[in-house]
Amino acid sequence: MSALNTTALKIISSGKGILATDESTGTMTKRLESVNVISNSENRLKFRNILFSSEAMNNCIGGVILYDETIKQKVNSETISEIISKTDTIPGIKVDIGVKNLSSSKEEKITEGLDGLRERLNEYFSLGARFTKWRGVYKITETLPSKLAIFTNAHALARYSSLAQEAGMVPIVEPEVLMDGSHAYKECYKKTSEVIKRCFEELILQKVDLKGIILKPNMILPGNESNEKINSEQVAELTLKCLTENVPKEVPGIAFLSGGQTEVQATENLNMINLKNNSNFIITYSYGRALQQNALKYWSNNQDDINGTQEIFNHRAKMCTLAAKGQWNKELEKN
Ligand code: 13P
C-alpha cells in the first residue's frame, strides 16, 4: 500500500468524512455577513476553531480542508494544523486560487493556480497539510458545459493532482457540476458523466496514482430552478450508476460535496447511496454548508456559547457519519 493510499483511506474510512472549511475570504465574508457577523480574520478563525476543537473531530471528521489564511493562523501559539492533528484528523488545504472566465467560452469558468503551485505545495506540506483540494466548476445549460470547459478543467485538475502527489499529498479531485439552473436530473446525469469520464482520461494520461486520490463529485440532482422532484432512491441509483460507469476501480473513495442541498437532504441522500452501494468505493461526505450552516446561524446569535455551537456541529457530523455507514434515519434528527 502506498503512503498516499494510506492517507486517503485514513481520511475516509469507518464512516469518517471531510469538513470543508476552505471558503475563500470572499465566500466566508458572504456567509458571515448573511448572519450579521463582521468578517475579519479574527472572527473567521473564531468560528472555525470552535469546529476544530469539537468532539466530532475525534470520531466523525477524518480530514479538514483549510484555506490559505487559516493554515497560517495560530491559537495560543499552537498552529491550526497542530490543533487538528491532535484529534487524529488530517489537515488539508485548498490550493486552487479560484475561477476566472474561460477566454473562449465566456459564460464558463476555468480554475486558476497552476503557476508556482509546486512551491506552494511544498510550503503547505511544511505547514502540516497532507492532502489538497482543487475545484473545477461546470454550469449546465442546453449547450453547456462545452467540450472546451470539460477538457481544460480536466487538464488542470490532472496537472494539479500530479503535482500534489509529487509533494507527498493526496489530491482531492473536485469536478463540481453546479445544481444552479432549470435542467432536468437526466441532464445532470449525462453531463456529470461526461465531466467525470474526461477527468479520469486526463488523470491517467498524466500518470496520477489513482489509488492515492479522493474524488469529490456532486450528486445527481435536478437543477434548483426546475420543478422536477426526485426522491433519494432515484438520486442514489443515478449517482451510483454515474460513478460506477466512469470512475476506475482503483480509486479508494468518493466524498461528495453538498452543493446547496439542505443539511438533512445531503444526509438523507448520502445514506441512501450507501445503502445501495455495491461497489468497492468508500462513499462519504466532504461537506461545507451541509456541516456548518446551523452551527454558524446559532453562533452568530450566541457568540459566547461555544458548547452550544459545538453541540449543533457534533450532531450534524454524527448524522453524516451515520449516513456514510448507511445507518441514518429521520428519527435520529429529532434527538
Ligand atoms: P459545499 O458542501 O458547501 O458544497 O462545499 C464543499 C466544497 O468544498 C465546495 O468546494
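As a reminder, the structure under discussion sits directly above these lines.
Every chain begins its residue count from 1, and numbering advances along the sequence as written. Given that this is a predicted model, residues contribute local features only at a pLDDT of at least 70 and side-chain atom pairs are listed and counted only at 80 or more, while totals for whole chains, interfaces and linings are drawn from all residues. Derived side-chain values reflect all non-hydrogen atoms in the structure, with water molecules and hydrogen atoms excluded from consideration.

Description of the site of the ligand
And then number 1: The ligand sits among 13 residues. The nearest are Lys133, Lys216, Ser258, Gly259 and Arg289.
And then number 2: For the purposes of these results, a polar contact is taken to be a pair of N or O atoms within 3.5 Å, where, inside protein, one atom must be able to donate a hydrogen and its partner to accept one; residues adjacent in sequence count only when each atom of the pair is a side-chain atom. Interatomic distance of 2.6 Å between a side-chain N/O atom of Lys133 and an oxygen atom of the ligand.
And then number 3: We get accessible surface area from the Shrake-Rupley algorithm with a probe of 1.4 Å; when it comes to residues, only the shown protein chains can shield them. When the ligand sits alone it has 300 Å² of accessible area, and the protein chains cover 90% of it.
And then number 4: Of all elements in the fold, only strand E8 (131-138) and strand E12 (282-287) reach the threshold of two or more residues within the shell around the ligand.
And then number 5: Ten residues, namely Ala, Val, Leu, Ile, Met, Phe, Trp, Tyr, Cys and Pro, are considered nonpolar, four, namely Asp, Glu, Lys and Arg, are considered charged, and the remaining ones, Gly among them, are considered polar. Tallied by class, the residues present in the shell around the ligand amount to three nonpolar, four polar and six charged. Whether a residue is near a molecule or strand is decided by its heavy atoms; if any one of them lies within 4 Å of it, the residue is near. Helix numbers and strand numbers start at the N terminus; a helix is a DSSP run of H or I with at least 4 residues, a strand a run of E with at least 2.

Focus on the environment of Ala266
And then number 1: Mapped onto the elements, Ala266 comes out in helix H11 (residues 263-276).
And then number 2: Buried, partly exposed and exposed residues are distinguished by accessible area as a fraction of the type maximum, computed with a 1.4 Å probe on protein chains only: under 20%, between the cut-offs, and over 50%, respectively. Of the residues examined, Ala266 reaches a relative accessible area of 0% and is grouped as buried.
And then number 3: Distance from Ala266 to Ala290, taken between C-alpha atoms, is 6.7 Å for residues 24 residues apart in sequence.
And then number 4: Contacts of Ala266, omitting those with residues within four sequence positions, involve Met219, Ser258, Gln261, Tyr287 and Ala290. In what follows, residue pairs with any heavy atoms lying within 4.5 Å of each other are defined as contacts.

A look at the side chain of Thr111
And then number 1: Mapped onto the elements of the fold, Thr111 is located in strand E7 (residues 105-111).
And then number 2: Side-chain polar atoms of Thr111 contact the backbone oxygen of Arg135, separated by 2.7 Å.
And then number 3: For Thr111, the residues in contact, after removing those within four places along its chain, are Asp96, Gly98, Val99, Trp134, Arg135, Gly136, Val137 and Asn153.

A word on the environment of Leu257
And then number 1: Inspection of the secondary structure puts Leu257 in the loop between strand E11 (253-256) and H11.
And then number 2: C-alpha separation for the pair Leu257 and Ala20, spaced 237 residues apart in sequence, amounts to 8.7 Å.
And then number 3: When sequence neighbours within four positions are dropped, the list of residues in contact with Leu257 reads Glu174, Glu176, Lys216, Pro217, Asn218, Ser286 and Tyr287.

Here's the deal with the packing of helix H3 (residues 41-52) against helix H13 (residues 306-324)
And then number 1: Only C-alpha atoms enter the line fits that serve as axes; for helices the fit covers just the stretch in contact. Angles between N-to-C directions range over 0 to 180 degrees. Here H3 crosses H13 at 60°, and the two axes come no closer than 9 Å. Here H13 runs oblique to H3, going by the angle between their axes. Seen from above, H3 lies across H13 with right-handed handedness. Along its contact with H3, which presents Phe47, Ile50 and Leu51, the element H13 presents Ile306, Thr309, Gln310 and Phe313.
And then number 2: Each residue belonging to the contact of H3 with H13 can be placed in one class, and the counts come to five nonpolar, two polar and no charged. Should an angle fall under 35 degrees it is called roughly parallel, over 145 degrees roughly antiparallel, and 65 to 115 degrees roughly perpendicular, with every other angle called oblique. By the definition used in this description, the sense in which the near helix is turned from the far one sets the handedness, with an anticlockwise turn below a right angle giving left-handed and a clockwise turn giving right-handed.

Some remarks on the sheet that holds strand E10 (residues 214-215)
Where strands meet in a sheet, backbone hydrogen bonds hold them as pairs that are either parallel or antiparallel.
And then number 1: Read around the closed barrel, eight strands run E1-E2-E5-E8-E9-E10-E11-E12, paired in parallel fashion.
And then number 2: Two strands qualify as a pair provided DSSP detects at least 2 bridges between them. Taken together, the eight bridges between E8 and strand E9 (residues 170-177) define a ladder with parallel strand orientation. Bridge pairing links Arg135 to Glu174 in E9.

Observations regarding unusual backbone geometry
And then number 1: Pro145 follows Leu144 through a cis peptide bond whose omega is 0°.
And then number 2: Look at Ser14: it is not a glycine, yet its phi comes out positive at around 55°.
And then number 3: You can see Ser14 is positioned in the loop between helix H1 (3-12) and strand E1 (17-20).
And then number 4: The phi angle at Asn36 is positive, at roughly 65°, despite the residue not being glycine.
And then number 5: Mapped onto the elements, Asn36 comes out in the loop between helix H2 (25-34) and H3.
And then number 6: By relative accessible area, which is 72% here, Asn36 ends up exposed.

Observations regarding the nonpolar core
And then number 1: Counting residues in each nonpolar core, the largest one holds 90 residues, and the members touching the most others are Ile61, Phe200, Phe256, Leu270, Tyr285, Tyr287 and Leu291.
And then number 2: Grouped together as the second largest cluster of nonpolar side chains are 13 residues, Ile12, Ala20, Ile65 and Val170 included. What is meant by a nonpolar core is a set of buried Ala, Val, Leu, Ile, Met, Phe, Trp, Tyr and Cys residues, joined one to another through side-chain atoms within 4.5 Å.

Topic: the pattern of salt bridges
And then number 1: Salt bridges are counted wherever a side-chain nitrogen of Lys or Arg sits within 4 Å of a carboxyl oxygen of Asp or Glu. Within the structure shown, the criterion is met by 25 salt bridges.
And then number 2: The closest approach of N and O atoms between Arg118 and Glu166, which form a salt bridge, is 2.6 Å. Placement of the pair is Arg118 in helix H7 (residues 117-126) and Glu166 in helix H8 (residues 147-166), with a sequence separation of 48 residues.
And then number 3: A relative accessible area of 42% places Arg118 in the partly exposed class.
And then number 4: The exposure class of Glu166 is exposed, given its relative accessible area of 52%.
And then number 5: When salt bridges that share partners are traced, they join Lys197, Arg198, Glu201 and Glu202 into one network.

Observations regarding helix H12 (residues 289-301)
And then number 1: A helix's residues, less one, multiplied by 1.5 Å, set its expected span. Here H12 contains 13 residues, and its C-alpha end-to-end distance of 18 Å stays within 8% of the 18 Å for a straight helix at 1.5 Å per residue.
And then number 2: Within H12, burial applies to Ala290, Leu291, Gln292, Ala295, Leu296, Trp299 and Ser300.

Focus: the pairing of strand E5 (residues 90-94)
And then number 1: Among the five residues that make up E5, five are buried, leaving the element largely enclosed by the rest of the structure.
And then number 2: Of the two faces of E5, both are covered, the one formed by Ile90, Gly92 and Lys94 as well as the one formed by Pro91 and Ile93.
And then number 3: Both E5 and E8 contribute to a ladder of three bridges, which runs parallel. Across the sheet, Gly92 pairs through a bridge with Phe131, a residue of E8.

Remember that the coordinates give geometry; whether it matters functionally is a separate question.
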